[in-house]
Amino acid sequence: MGDGVRKITEYEWEVPVGFTPGMRVPGRFFLSEGLKKSLEPGAIQQLANVATMPGIVKYSLAMPDIHWGYGFPIGGVAAFDISTGVISPGGVGFDINCGVRLLSTPLRVEDLRNRRELVERLYEAVPTGVGSKAALRLSNRELEEMMVAGSRWAVEHGYGLPGDIARCEEQGAMRGADPASVSQKARQRGLPQSGTLGSGNHFLEVQEVKEVYDARTASLFGVTKGQVTVMIHCGSRGLGHQVCTDHLRTLEAATKKYGIVLPDRQLACAPIVSPEGKAYYGAMAAAANYAWANRQVITDLTRKVLAKLYGIGYEQMPLVYDVCHNVAKMEVHRVDGKEMQVCVHRKGATRAFGPGSPDLPTGLEGTGQPVIIPGSMGTPSFLLCGTVAAMEKTFGSTCHGAGRVASRTQAKKSVRGKDIRDQLAKEGIIVKAPSEASIAEEAPQVYKPSEEVVRVVDAVGISRLVAKLVPLGVIKG
Amino acid sequence: MPYEILEHTADLRFRVTGRSLADAFAEAAMAVCGTMAPNCTPGEVERRVELEAEDTEELLADFLSELLYLADAGSLALCSFSVKIEGNRLTALCRGEPFRREKHGGGEEIKGISYSGLSIYRQGASYILEFIADV
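On a predicted model such as this, the values are computed, not experimentally measured, just so you know.

Each value, and the rule that gives it
Residues numbered from 1 in each chain as written. Chains lettered and ligands numbered in written order. Predicted model: local features only at pLDDT ≥ 70, side-chain atom pairs only at ≥ 80, totals over all residues. Helix = DSSP H or I, 4+ residues; strand = E, 2+ residues; numbered from the N terminus. Rg over C-alpha atoms; globule rule 2.2 N^0.38 Å. Contact = placed C-beta atoms within 7 Å. Buried ≥ 20, exposed ≤ 12 C-beta atoms within 10 Å, placed from the backbone. Pairing = 2+ DSSP bridges. Axes fitted to C-alpha atoms, helices over the stretch in contact; angles between N-to-C directions. pLDDT = per-residue confidence, 0-100. Parallel < 35°, antiparallel > 145°, perpendicular 65-115°, else oblique. Nonpolar A, V, L, I, M, F, W, Y, C, P; charged D, E, K, R; others polar. Left-handed = near helix turned anticlockwise from the far one by under 90°. Core = buried A, V, L, I, M, F, W, Y, C linked by C-beta atoms within 7 Å.

Asker: Would you mind going over the overall build of chain A in detail, with residue names and values included?
Answerer: The helix and strand inventory of chain A stands at 15 helices and 19 strands. Rg of the C-alpha trace for chain A: 21 Å, near the compact-globule value of 23 Å for 477 residues, within the 12% margin. Expressed along its principal axes, the backbone C-alpha trace of chain A runs to roughly 60 × 50 × 50 Å. Relative to all contacts within chain A whose residues are 6 or more apart in sequence, the contacts with residues 24 or more apart total 78%.

Asker: Outline the overall build of chain B, supporting the account with residue identities and numerical values.
Answerer: When its secondary structure is counted, chain B shows 3 helices and 7 strands. Taken from N to C terminus, the helices and strands of chain B fall in the order β-β-α-β-α-β-β-α-β-β. Here the C-alpha atoms of chain B give a radius of gyration of 14 Å, agreeing with the 14 Å that 2.2 N^0.38 yields for 135 residues. Once the C-alpha set of chain B is aligned to its principal axes, its extents read approximately 40 × 35 × 25 Å. By the burial criterion, 48% of the 135 residues in chain B qualify as buried. Partitioning the contacts of chain B with sequence separation of at least 6, the portion at a separation of at least 24 is 66%.

Asker: Got a sec to walk through the sheet that holds strand β3 (residues 45–52) of chain B? Specific residues and values, please.
Answerer: Residues and elements named next belong to chain B. The 3 strands are arranged β3-β5-β4 in an open sheet whose pairing can be described as antiparallel. Looking at the sheet topology across the chains shown, the edges are occupied by β3 and β4 (76–86). On average, each strand axis in the sheet is inclined to that of its neighbour by 20°, with strand direction left out of account. Looking at chain direction, β3 and strand β5 (residues 89–98) are connected through 8 bridges and run antiparallel. Looking at β5, one finds that Leu 51 is bridged to Leu 90. Each of β3, β4 and β5 touches helix α2 (residues 56–74); the most contacted strand, β3, lies at about 150° to it.

Asker: Go over helix α2 (residues 41–50) of chain A, please, and point to the residues and values.
Answerer: All names here are of chain A. With 7 of 10 residues buried, α2 lies mostly within the body of the structure. Among all positions of α2, only Ala 43, Ile 44, Gln 46, Leu 47, Ala 48, Asn 49 and Val 50 are buried. Residues of α2 that are buried make contact with β2 (12–15), β3 (27–30), β4 (60–70) and β5 (72–81).

Asker: Describe in detail the confidence of the model for chain B, supporting the description with residues and values.
Answerer: Confidence in the prediction for chain B averages 94 pLDDT; 99% of positions are at 70 or higher. The complex model carries a pTM of 0.96, and its ipTM stands at 0.95.

Asker: Any chance you could break down the packing of helix α9 (residues 237–257) of chain A against helix α10 (residues 275–310) of chain A for me, citing the residues and the numbers?
Answerer: All names here are of chain A. Direction vectors running N to C along α9 and α10 enclose 170°, while the axes themselves pass 10 Å from each other. When the axes of α9 and α10 are compared, the pair comes out roughly antiparallel. Contacts between α9 and α10 involve Arg 237, Leu 239, Gly 240, Val 243, His 247, Thr 250, Leu 251 and Ala 254 from the former and Glu 276, Tyr 280, Ala 283, Met 284, Ala 287, Tyr 290, Ala 291 and Asn 294 from the latter. The residue inventory of the contact of α9 with α10, partitioned by class, reads 10 nonpolar, 4 polar and 2 charged.

Asker: Would you mind going over the interface of chain A and chain B in detail, with residue names and values included?
Answerer: Bring the parts together and some accessible area is lost; that lost area is often taken as the interface size. Across the contact, 35 residues belong to chain A and 31 residues belong to chain B. Looking at the side of chain A that touches chain B, the elements with two or more residues in it are β4, α7 (184–190), α9, α12 (408–414) and α14 (436–441) of chain A. Residue composition of the side of chain A that touches chain B, by class: 8 nonpolar, 19 polar and 8 charged.

Asker: Tell me about the packing of helix α3 (residues 115–125) of chain A against α10 of chain A, and please be specific about residues and values.
Answerer: All names here are of chain A. Where α3 contacts α10, the axes come no closer than 10 Å and their chain directions differ by 145°. The chirality of how α3 crosses α10 is right-handed. Across the interface between the two elements, Leu 118, Arg 121, Leu 122 and Ala 125 of α3 pack against Leu 301, Thr 302, Val 305 and Leu 309 of α10. Its residues assigned to classes, the contact of α3 with α10 comprises 6 nonpolar, 1 polar and 1 charged.

Asker: Please provide a residue-by-residue account of helix α4 (residues 140–149) of chain A, values included.
Answerer: All names here are of chain A. All of the buried residues along α4 are Leu 143, Met 146, Met 147 and Ala 149. As for α4, its buried residues are in contact with α5 (151–156), α7 and α10. Positive backbone phi, at 55°, marks Gly 150, one or two positions downstream of α4.

Asker: Break down the nonpolar core for me, citing the residues and quoting the values.
Answerer: In this structure, Phe 80, Ile 87, Met 284, Ala 287, Ala 288 and Leu 383 of chain A are the most contacted members of the largest nonpolar core, which totals 159 residues. Of the residues forming this core, the biggest block, 17 residues, is contributed by α10 of chain A. Those residues within four positions of Ala 288 of chain A in sequence are excluded, and the remaining contacts are Ile 96, Asn 97, Met 174, Ser 236, Cys 324 and Val 327 of chain A. Phe 25, Leu 67, Leu 76 and Phe 131 of chain B belong to the second-largest nonpolar core, a separate cluster that totals 47 residues.

Asker: Just give me the short version of the environment of Glu 156 of chain A, but keep the residues and values in it.
Answerer: Residue and element names in this part refer to chain A. For Glu 156, the position within the fold is in helix α5. Among the residues examined, Glu 156 registers 13 C-beta atoms within 10 Å and is labelled partly exposed. Spatially, the C-alpha atom of Glu 156 lies 35 Å from that of Gly 76, the residues being 80 residues apart in sequence.

Asker: I'd like a rundown of unusual backbone geometry, residues and numbers included.
Answerer: Even without a glycine there, the phi angle at Phe 395 of chain A is positive, about 50°. Topologically, Phe 395 of chain A is positioned in the loop between α11 (388–393) and β17 (397–398). Despite not being glycine, Asn 39 of chain B has its phi angle at roughly 65°, a positive value. Relative to the helices and strands, Asn 39 of chain B is located in the loop between α1 (21–36) and β3. According to the C-beta neighbour criterion, Asn 39 of chain B is partly exposed, with 14 such atoms within 10 Å.

Asker: Go over the pairing of β5 of chain A with me, naming the residues and quoting the values.
Answerer: All names here are of chain A. The element β5 is extensively covered by neighbouring structure, given that 9 of its 10 residues are classed as buried. Linking β4 to β5, which pair antiparallel, is a turn of 1 residue; within it Gly 71 sits at a positive phi near 70°. Of the strand pairs in this sheet, β5 and strand β13 (residues 338–347) are connected by 6 bridges, and their pairing is antiparallel. Paired with Ala 79 across the bridge in β13 is Val 344.

Asker: A description of the sheet that holds strand β1 (residues 6–7) of chain A should follow, citing residues and the corresponding values.
Answerer: Residue and element names in this part refer to chain A. Spatially, β1-β2-β3-β4-β5-β13-β12 is the arrangement adopted by the 7 strands of the open sheet, whose pairing is mixed. Two strands in the sheet have a free side with no partner beyond their single neighbour: β1 and β12 (326–335). Each of β3 and β4 touches helix α15 (residues 450–460); the most contacted strand, β4, lies at about 150° to it.

Asker: Could you give an account of the environment of Ser 139 of chain A, with specific residues and numbers?
Answerer: Residue and element names in this part refer to chain A. Locating Ser 139 in the fold gives a position in the loop between α3 and α4. Judged by the 9 C-beta atoms lying within 10 Å of it, Ser 139 falls in the exposed class. Placed 245 residues apart in sequence, Ser 139 and Leu 384 show a C-alpha to C-alpha distance of 38 Å.

Asker: An account of the environment of Arg 295 of chain A is requested, with residue identities and associated values reported.
Answerer: Residues and elements named next belong to chain A. Tracing the sequence through the fold places Arg 295 in helix α10. Judged by C-beta crowding, with 31 C-beta atoms within 10 Å, Arg 295 ranks as buried. Residues Arg 295 and Pro 318, 23 residues apart in the sequence, show an inter-C-alpha distance of 14 Å.

The structure is reproduced here in structure tokens:
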């Protein structure tokens, strides 16, 4: 580990000011001794780089799934003072509002006969992989409405249940979305892709609730042991990628214009209150809303497959919750005893608002928000709950997934997709993907153990374990 | 080998070699487009790219980003690139074919080209480009 990085509690580490020139605040990350072994020096450097950005408040933070990314580390969280701070696409990433939602069903695991047929039907219904096109045909006007209204647009157009909206972070639509800041190029990419899963680590997974750690909270979330659930992981597709690319370029120029000195060009940024900063925020919010609509359309496709195959009602599959893990948001947090308006960047990190926080669904005001942490293919996922400690320590944030330990190239060298598929089939998990390589790249052994990552966030208190979900069938992009 | 993939935990980190800067840019284009749509053969599709940037690094990021846009928005597989660079100006003629899942499917989507880890340098007579693509 790098110079001066010191352990301050069992799971908390500090990167001191001075680790890299120009740091304004220290870095803090959360890690167990077991997870520390896989931490790359590049990730700590990126954490330190973020600490040099103007207006950063308290700490440059990283969750236990920290790893080497670009710009911010993956697992990175940073809050910037709204009046003096900056906003940066490097703190959000190309896949704006990449996120996860969890759908409950009335099915028990023993009801899932013909599991292979279920996976085949889902694979036919949900477009996956490079070059896939949606059945949904949007007009320019509809795309514009979708970028403003997000999940609500999709529900109003017949792709969901009214109750779905309240079960999304931000009710599935960030305020301040500004389609005028979304380029024609981004729109062209977005038009044919709404309702598609994409590729890489995106997936749709049928799961069983294997263990419940907190029955009361699980029941409030609508989840019981032995129940079948569906998890959907995807983002804003080409529209979001183009928004990031376009604004990265304008913010690069803005970085110079406002005299901001940065150790990495990917951290290009502008004051939140500047025209360039506002334009990026408006476009990013529009892309985030597009992503919520995207997950909503995929939810609709999924419900229809399950309803038809198992003779259950569409409305019997309510949404547990939907979280985003690549986003920047305007939030109010208590800093040193005072309320402060900040722009919280979460790059590969999940909001984990605790009891009494704003934006909690009706009935969960005293509980905290559901937090959904996907495992890698073949390993468990977890349902957790936001906490007061997260509000105090991490601007209401927690981890977002298992976090990779091996590169895609290493994965392809060391494992074969077919072997993984056969191994998972022996364990009763059916995988369907466009290629063997895409299975190898996402093999369970290239990720940190998801159990260990969530154990750390639970032990630190920045979210609380509620239930464990194990995979039964996966479709991948 | 015109390009190799270096270690990076989460994303794809490319190192591309060329006899000239333009040649290296063309190889970078092959690396990126070949990752997304393998098995492409240059066919009837032609796209012209003209760009100007502040510096060579930005020119590379812009060029590759433009290819991501062209491939995605036009549903194309691209695989032949004739690149000219004068100062910080680039023109390229890109050829390929319409994307078909049966032929070009199974590739990996590249979401964007990052400035983190982007570097351009000379090694002997060769030009080397290194960059990280978010997948």
